[in-house]
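# Remarks on the overall topology
These are the residues of each chain, in order.
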Amino acid sequence: MRRLISLACGMAALLAGMATLPVAWVAHNVANEDGYVSFTEPFARDSEFHAAIATAVSGALADRAALPTLLRPATTAAIFAATEKIADTPGFVKAWDATQRQSHRIMFADQRTLDADLNASDRLAVDLGPLGKFVIEQANQVLPVRITAPKQMVVTVGGNVGSSQLEQIKKTPGYANRGMLAIAVLTAL
């Protein structure tokens, strides 16, 4: 009987581990702000990703700048070129990390503590503000006009995901802790 109980507890611990591992990964790499920033940092070093970021940042900044229509294409091109040029500098990675921190707060912080225009409880959103500020500082050195960097540039990614899905992600640290506790108890038994 003792062997049967040990086998059953061992199998239950294995199943609990299989269920807990992905939840713990999400808790560490998505729900946790520092883990999220560390997880997304390699994107800032990817050259193919630089072009996508340059396109998004240059378009968003050019749209927000109150420029005459005649200057828009040149301004967008200059911002794009500046973004691609500075993408390999250490300041770019630091600005990317600040962008990810701000974006994480928009999606996962208590929405009551955020400005109304930053409330993203029902969507995946990225705040390109910190990255845009860094790019604008560099682009202003070569542009014939000065552009003021906005404090926030919130861009919705992938449409609405529903607040219930984001709430489930917020709860993963608790689920992971309970799963680890269950594994420990079952293993001890």
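Procedures and definitions
- Residues numbered from 1 in each chain as written.
- Predicted model: local features only at pLDDT ≥ 70, side-chain atom pairs only at ≥ 80, totals over all residues.
- Heavy atoms only, no water.
- Helix = DSSP H or I, 4+ residues; strand = E, 2+ residues; numbered from the N terminus.
- Buried < 20%, exposed > 50% of the residue type's maximum accessible area, 1.4 Å probe, protein only.
- Contact = heavy atoms within 4.5 Å.
- Areas by Shrake-Rupley, 256 points an atom, 1.4 Å probe, with all protein chains shown as cover.
- pLDDT = per-residue confidence, 0-100.
- Phe/Tyr/Trp six-rings, centres within 6.5 Å; stacked < 30°, edge-to-face > 60°.
- Axes fitted to C-alpha atoms, helices over the stretch in contact; angles between N-to-C directions.
- Parallel < 35°, antiparallel > 145°, perpendicular 65-115°, else oblique.
- Nonpolar A, V, L, I, M, F, W, Y, C, P; charged D, E, K, R; others polar.
- Salt bridge = Lys/Arg side-chain N within 4 Å of Asp/Glu carboxyl O.
- Left-handed = near helix turned anticlockwise from the far one by under 90°.

## Brief notes about the overall build of the protein
A tally of regular secondary structure across the protein gives 8 helices and 2 strands. Reading the protein from its N terminus to its C terminus gives the helix and strand order α-α-α-α-α-β-α-β-α-α. Considering the protein as a whole, with its 189 residues, one finds that 36% of them fall into the buried category. Counting only contacts in the protein whose residues sit at least 6 apart along the sequence, the fraction spanning at least 24 positions is 76%. Surface accessibility of the protein: about 11,000 Å² in total, with carbon and sulfur atoms responsible for 62%.

## Examining the confidence of the model for the protein
For the protein, per-residue confidence averages 80 on the pLDDT scale, and residues scoring 70 or more make up 85% of the total. The weakest mean pLDDT in the protein belongs to strand E2 (residues 154-160) at 67; the strongest belongs to helix H8 (residues 172-188) at 91.

## Brief notes about the packing of aromatic side chains
The final tally for this structure, using the stated rule, is 3 aromatic pairs. On the numbers, 5.4 Å between centres and 90 degrees between planes, the contact of Phe49 with Trp96 is edge-to-face. Here Trp96 lies in helix H5 (residues 90-108) and Phe49 lies in helix H3 (residues 47-64), a separation of 47 residues in the sequence. For Phe49, a relative accessible area of 27% corresponds to the partly exposed category. Residue Trp96 is classed as buried on the basis of its relative accessible area of 5%. Aromatic rings pair up to connect Phe43, Phe49 and Trp96 into one cluster.

## Some points on the packing of H5 against helix H6 (residues 129-139)
Running from N to C, H5 and H6 cross one another at 155 degrees; their axes reach a closest spacing of 7 Å. Taken together, the axes of H5 and H6 lie roughly antiparallel to each other. Each of Gly91, Phe92, Ala95, Trp96, Ala98, Thr99 and Gln102 in H5 lies in contact with H6, whose residues at this interface are Pro130, Leu131 and Phe134. Within the contact of H5 with H6, the residues separate by chemical class into 7 nonpolar, 3 polar and no charged.

## Considering the pattern of salt bridges
Counted by the stated rule, this structure contains 5 salt bridges. Note that Glu167 and Lys170 form a salt bridge whose closest N and O atoms lie 3.1 Å from each other. Taken together, the residues Glu167 and Lys170, both in helix H7 (residues 163-170) and 3 residues apart, mark about one turn of the helix. Each of Glu33, Asp34, Arg101 and Arg105 takes part in one network of salt bridges that share partners.

## Considering the environment of Ala125
Mapping Ala125 onto the fold places it in strand E1 (residues 123-127). Expressed as a C-alpha distance, the spacing of Ala125 and Gln102, which sit 23 residues apart in the sequence, is 9.9 Å.

## Some thoughts on the packing of helix H2 (residues 33-44) against H5
The N-to-C vectors of H2 and H5 enclose an angle of 135 degrees; their axes lie 9 Å apart at closest approach. With respect to H5, the element H2 is oriented oblique. Here the hand of the crossing between H2 and H5 comes out right-handed. On H5, the residues that touch Glu33, Asp34, Tyr36, Val37, Thr40, Glu41, Phe43 and Ala44 of H2 are Phe92, Val93, Trp96, Asp97, Gln100, Arg101, His104, Arg105 and Met107.

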